[in-house]
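# Structure at a glance
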Amino acid sequence: MLTGLRYFEEVARQGSLRKAAERLHVAASAVNRQILKLEDDLGVPLFERLPRGLRLSSAGELMLAQIRQWQRDERQLLETLGDIRGTGCAEIRIATVESLTDQVLPELLGRFGERFPRVRFALHTGLTEEILERVATGEADIGICMNPPPTRRIRFIESVELQFGIAMAPSHPLAQASGVRLAECSAYPAILPDAEMFRGSTLERALATSDVELTPLAGCNRILAIKSLARAGLGLAFLNALDVARELAHGELVFRPLRDLRVDGARLVLCSAADRSLPMAAEVLVESLSQALRDLAPPLD
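A few points on the structure. The structure displayed is predicted, hence computed values, not measured ones.

## With respect to the overall build of the chain
Along the chain, the regular secondary structure elements total 12 helices and 12 strands. Taking the principal axes of its C-alpha atoms as reference, the chain extends roughly 65 × 50 × 35 Å. Residues counted as buried form 44% of the 301 residues belonging to the chain. Here the chain displays about 15,900 Å² of accessible surface, and carbon together with sulfur accounts for 52% of that area. The averaged location of the 40 negative side-chain charges in the chain is 2 Å from the averaged location of its 36 positive side-chain charges.

Below, the structure is given as structure tokens:
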């Protein structure tokens, strides 16, 4: 049944047999067999079969909540037993936006590891929606996300606003300007985020308040890809200053703020679950993370 439970959890997360199978590196038919067997053993349907995917039934929602509680209990038990044996090694699970993994997190976790050598880290990168879900369900202790919507399930610990603008190769015609207006960008090719990254982004909000139409050259689902294309001189990238900190330091990109931006900049938020206390090691790390975010930009009121 353990295999069935693992497959069930992944299908519940993805909402699709095919997507779950891709993440599990098995055939979709194998996933389906495990789900059917689990439902047969339990005597209840765990999913509603819809034309565009699967949705948890009431029994499935209860099962998912119980599985995640088991996982939290198992983790706590293993850490407690480790402490009793004197070989304890705390694990801190962090779900974060990709930008933080370039410089800020590696440097911070390196210093933290020197102070607390028995702490290990599980790092997962993703978009804001996924990060919030991982934190809320207990799959991550700490979340760091961009422009999160308010929710009662999540406690916002620290919030800073990052300057938003355009990044381009030093040879780009707009690189010599001290600031750029959004309308000026329409004359040049743009390296844009794909639909999933675009949803809820600062760029989406900026375009919603203007009548500017950008000229897309490419759509990317990773910040790394967006930066690479901009660095090659293929177009403008609409990012925040943190996204391109390393490239700016090496002179590979130029960053110019958008002068006529009528929305707030990119809001970077450190968060945890509202209904659970953090493990002691994670609480200590949160203090360091809060300071690291404050060093990036002044805190928001």
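## Some points on the side chain of Glu158
Topologically, Glu158 is positioned in strand β6 (residues 154–162). The exposure class of Glu158 is buried, given its relative accessible area of 12%. Polar contacts involving the side chain of Glu158 include one to the side chain of Arg294, which spans 2.9 Å.

## Re helix α10 (residues 223–231)
Taken as a whole, α10 has its buried residues at Ile223, Ile226, Lys227 and Ala230. Looking straight down α10, one finds its buried side chains confined to an arc of 95 degrees; they lie on one side. Structurally, α10 contributes buried residues whose contacts are with β7 (164–168), β8 (189–193), α8 (195–198), β9 (215–220), β10 (236–240) and α11 (245–249). After α10 finishes, the residue Gly233 shows a positive phi value of roughly 80 degrees.

## Examining the pattern of salt bridges
Throughout the structure, instances matching the rule amount to 20 salt bridges. The closest approach of N and O atoms between Glu39 and Arg49, which form a salt bridge, is 2.9 Å. A residue pair is termed long-range when its members are at least 10 positions apart, and Glu39 in helix α3 (residues 28–42) and Arg49 in strand β1 (residues 47–50) qualify at 10 residues. Taking relative accessible area as the criterion, Arg49 reaches 42% and is therefore assigned partly exposed.

## With respect to the state of the cysteines
For the coordinates displayed, the defined rule picks out 0 disulfides. Cys220 takes part in no disulfide bond, and the closest cysteine sulfur to it belongs to Cys185, at a distance of 17 Å. You can see Cys271 has no disulfide; the closest cysteine sulfur is in Cys145, sitting 4.4 Å from it.

## A short note on the packing of aromatic side chains
Inspection of the entire model under this criterion finds 3 aromatic pairs. Measuring from ring centre to ring centre gives 5.4 Å for Phe8 and Phe47, while their planes differ by 55 degrees; the resulting arrangement is tilted. Placement of Phe8 in helix α1 (residues 2–14) and of Phe47 in strand β1 is noted, with a sequence separation of 39 residues between them. The buried category is assigned to Phe8, whose relative accessible area is 0%. The interplanar angle of 40 degrees and the centroid separation of 4.8 Å between the aromatic rings of Phe112 and Phe116 together place this pair among those described as tilted. For Phe112, a relative accessible area of 2% puts it in the buried group. Relative accessible area serves as the criterion here: at 29%, Phe116 is assigned to the partly exposed category. A network of ring pairs unites the aromatic residues Phe112, Phe116 and Phe121 as a single cluster.

## A short note on the nonpolar core
Formed by 39 residues in total, the largest nonpolar core has its most connected members in Ile92, Leu100, Ile142, Leu162, Leu268, Leu285 and Leu289. When contributions to this core are tallied by element, the ones reaching two or more residues are β3 (91–96), α5 (104–115), α6 (128–137), β5 (142–146), β6, β12 (266–273) and α12 (280–296). Looking at this core element by element, the count peaks at 7 residues for α12. The contact partners of Leu285, leaving out residues within four places of it in the chain, are Ile92, Ile94, Leu108, Leu109, Phe112, Phe121 and Ile142.

## Some points on the sheet that holds β3
Strand order in the open sheet formed by 5 strands is β4-β3-β5-β12-β6, and the pairing between neighbours is mixed. The open sheet is flanked by β4 (120–125) and β6, the only strands paired with a single partner. Taking each pair of neighbouring strands and ignoring which way they run, the sheet shows an average axis angle of 15 degrees. Judged from the 6 bridges that link them, β3 and β4 form a sheet pairing that is parallel. By the bridge assignment for β4, Glu91 is matched with Arg120. Across the sheet, α12 lies against β3, β4, β5, β6 and β12, angled at about 25 degrees from β6, the strand it touches most.

## Here we look at the environment of Phe164
When you line up the elements, Phe164 lands in strand β7. Separated by 60 residues in sequence, Phe164 and Leu224 place their C-alpha atoms 17 Å apart.

## A short note on the environment of Ile35
Take Ile35: it is sitting in helix α3. The sequence separation of Ile35 and Val11 amounts to 24 residues, and the corresponding C-alpha distance is 8.9 Å. Beyond its immediate sequence surroundings of up to four residues, Ile35 is in contact with Gly4, Tyr7, Phe8, Val11, Leu17, Phe47 and Arg49.

Conventions used here
Residues numbered from 1 in each chain as written. Predicted model: local features only at pLDDT ≥ 70, side-chain atom pairs only at ≥ 80, totals over all residues. Heavy atoms only, no water. Helix = DSSP H or I, 4+ residues; strand = E, 2+ residues; numbered from the N terminus. Buried < 20%, exposed > 50% of the residue type's maximum accessible area, 1.4 Å probe, protein only. Areas by Shrake-Rupley, 256 points an atom, 1.4 Å probe, with all protein chains shown as cover. Lys, Arg positive; Asp, Glu negative; His and termini not counted. Charge placed at Lys NZ, Arg CZ, Asp CG, Glu CD. Polar contact = N/O pair within 3.5 Å; in protein donor to acceptor, adjacent residues only side chain to side chain. Arc of directions from axis to C-beta. Contact = heavy atoms within 4.5 Å. Salt bridge = Lys/Arg side-chain N within 4 Å of Asp/Glu carboxyl O. Disulfide = S-S within 2.5 Å. Phe/Tyr/Trp six-rings, centres within 6.5 Å; stacked < 30°, edge-to-face > 60°. Core = buried A, V, L, I, M, F, W, Y, C linked by side-chain atoms within 4.5 Å. Pairing = 2+ DSSP bridges. Axes fitted to C-alpha atoms, helices over the stretch in contact; angles between N-to-C directions.

Keep in mind these values describe shape, not function.
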